[in-house]
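Listed below are the residues making up each chain.
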Amino acid sequence: MSSTRSGEDARDRDEEGRARSARPRDGLGRPLPYGTAGVERQPEGVVRRPQDSVTEAQALLDAGKPFHAHEVFEDAWKSGPEEERALWRGLAQLAVGLTHAARGNLTGGPRLLGRGAAAVEEWAGDTGRWRPYGMDLAGLAGWARRLAAEVEESGTAVDAGAAAPRLR
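First things first, this report covers the structure right here in the doc.

Cut-offs and rules
Residues numbered from 1 in each chain as written. Predicted model: local features only at pLDDT ≥ 70, side-chain atom pairs only at ≥ 80, totals over all residues. Heavy atoms only, no water. Helix = DSSP H or I, 4+ residues; strand = E, 2+ residues; numbered from the N terminus. Buried < 20%, exposed > 50% of the residue type's maximum accessible area, 1.4 Å probe, protein only. Expected span 1.5 Å × (residues − 1). Arc of directions from axis to C-beta. Contact = heavy atoms within 4.5 Å. Phe/Tyr/Trp six-rings, centres within 6.5 Å; stacked < 30°, edge-to-face > 60°. Lys NZ or Arg CZ within 6 Å of the ring centre and 35° of its normal. Salt bridge = Lys/Arg side-chain N within 4 Å of Asp/Glu carboxyl O. Axes fitted to C-alpha atoms, helices over the stretch in contact; angles between N-to-C directions. Parallel < 35°, antiparallel > 145°, perpendicular 65-115°, else oblique. Left-handed = near helix turned anticlockwise from the far one by under 90°. Nonpolar A, V, L, I, M, F, W, Y, C, P; charged D, E, K, R; others polar.

**So, the overall build of the protein**
And step 1. Counting its secondary structure elements, the protein contains six helices and zero strands.
And step 2. With 168 residues in all, the protein has 42% of them scored as buried.

**Looking at helix 1 (residues 50-62)**
And step 1. The end-to-end C-alpha distance of helix 1, which contains 13 residues, comes to 18 Å, matching closely the 18 Å that a straight helix rising 1.5 Å per residue would cover.
And step 2. Residues of helix 1 that are buried include every one of Ser53, Val54, Ala57, Gln58, Leu60 and Leu61, and no others. Relative to the axis of helix 1, the buried residues are bounded by an arc of 165° and lie together on one face.
And step 3. Where the residues of helix 1 are buried, they touch helix 2 (66-79), helix 3 (85-103) and helix 6 (160-163).
And step 4. Positive backbone phi, at 75°, marks Gly64, one or two positions downstream of helix 1.

**Structural notes on the packing of aromatic side chains**
And step 1. By the definition in use, this model includes two aromatic pairs.
And step 2. On the numbers, 6.1 Å between centres and 35° between planes, the contact of Phe73 with Trp88 is tilted. Of this pair, Phe73 sits in helix 2 while Trp88 sits in helix 3, and the two are 15 residues apart along the sequence. Comparing Phe73 with Trp88 shows no difference in burial state: the two are buried.
And step 3. An aromatic cluster of at least three residues, connected via ring pairs, comprises Phe73, Trp88 and Tyr133.
And step 4. Across from the ring centre of Tyr133, 5.6 Å away, lies the NZ or CZ of Arg129, which sits over that ring.

**Focus on helix 3**
And step 1. In a regular helix each residue adds 1.5 Å, so 19 residues correspond to 27 Å; helix 3 covers 27 Å between its end C-alpha atoms and thus fits that length.
And step 2. In terms of residue burial, helix 3 counts as a mostly covered element, since 15 of its 19 residues are buried.

**Brief notes about the environment of Ala163**
And step 1. Take Ala163: it is sitting in helix 6.
And step 2. Judged by relative accessible area, which is 14%, Ala163 ranks as buried.
And step 3. In contact with Ala163, not counting residues within four places along its chain, are Leu98, Trp143, Leu147 and Val158.

**Quick look at the pattern of salt bridges**
And step 1. One pass over the full model with this rule turns up nine salt bridges.
And step 2. Between Glu82 and Arg85 there is a salt bridge; the shortest N-O distance is 3.1 Å.
And step 3. Across the pair Arg145 and Glu121 runs a salt bridge, and its minimum N-O distance is 2.8 Å. Linking Arg145 in helix 5 (residues 137-154) with Glu121 in helix 4 (residues 108-127), this pair joins segments that are 24 residues apart in sequence.
And step 4. Through salt bridges with shared partners, a single ionic network connects Arg48, Glu56 and Asp75.

**Focus on the environment of Gly64**
And step 1. By secondary structure assignment, the location of Gly64 is in the loop between helix 1 and helix 2.
And step 2. By relative accessible area, Gly64 is classed as buried at 17%.
And step 3. Each C-alpha atom of the pair Gly64 and Ala164 lies 7.2 Å from the other, and the pair is 100 residues apart in sequence.
And step 4. Excluding residues within four positions of it along the chain, Gly64 makes contact with Gly27, Leu28, Ala160 and Gly161.

**Observations concerning the packing of helix 1 against helix 2**
And step 1. Running from N to C, helix 1 and helix 2 cross one another at 165°; their axes reach a closest spacing of 7 Å. Between helix 1 and helix 2, the angle is such that the two are roughly antiparallel. Every pair of crossing elements has a handedness; the one defined by helix 1 and helix 2 is left-handed. Mapping the contact onto sequence places Ser53, Glu56, Ala57, Leu60 and Leu61 in helix 1 and Pro66, His68, Ala69, Val72, Phe73 and Ala76 in helix 2.
And step 2. Of the residues assigned to the contact of helix 1 with helix 2, the class counts are eight nonpolar, two polar and one charged.

Here you go:
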């Protein structure tokens, strides 16, 4: 990845000229100052089998890295079949909702958790597939709503690893 940073407002660019942030990030995906050691980033644009996406995302969730799990779901959303895109997008929303709840975003976290819960339920209802790739979509939607309510009620951030859902 090349860097064309020549000033405060310049952005990192990849070989094709697309903006890509090369800044290191912490475990919740927050940018750190250049030169700081961060958490290894998830590679973007990886095409995985759906089962592998679920397995990799679960490992990242268990490690307290929901931002990185969101990137795995985003890859599946962008590379998977059209009829599954809403499922993967909903799962990405759940992961980013957990990310925001762990970062202390007490409004955005619950909102994204609710949006993701509604998305996976709608997809399951439309397709009749409540357990795709072994995932429990009804259980995930329930987890998301409970976590959203907990964050709203407590007014505090959650521990991402401790609050992570079981996908299967």
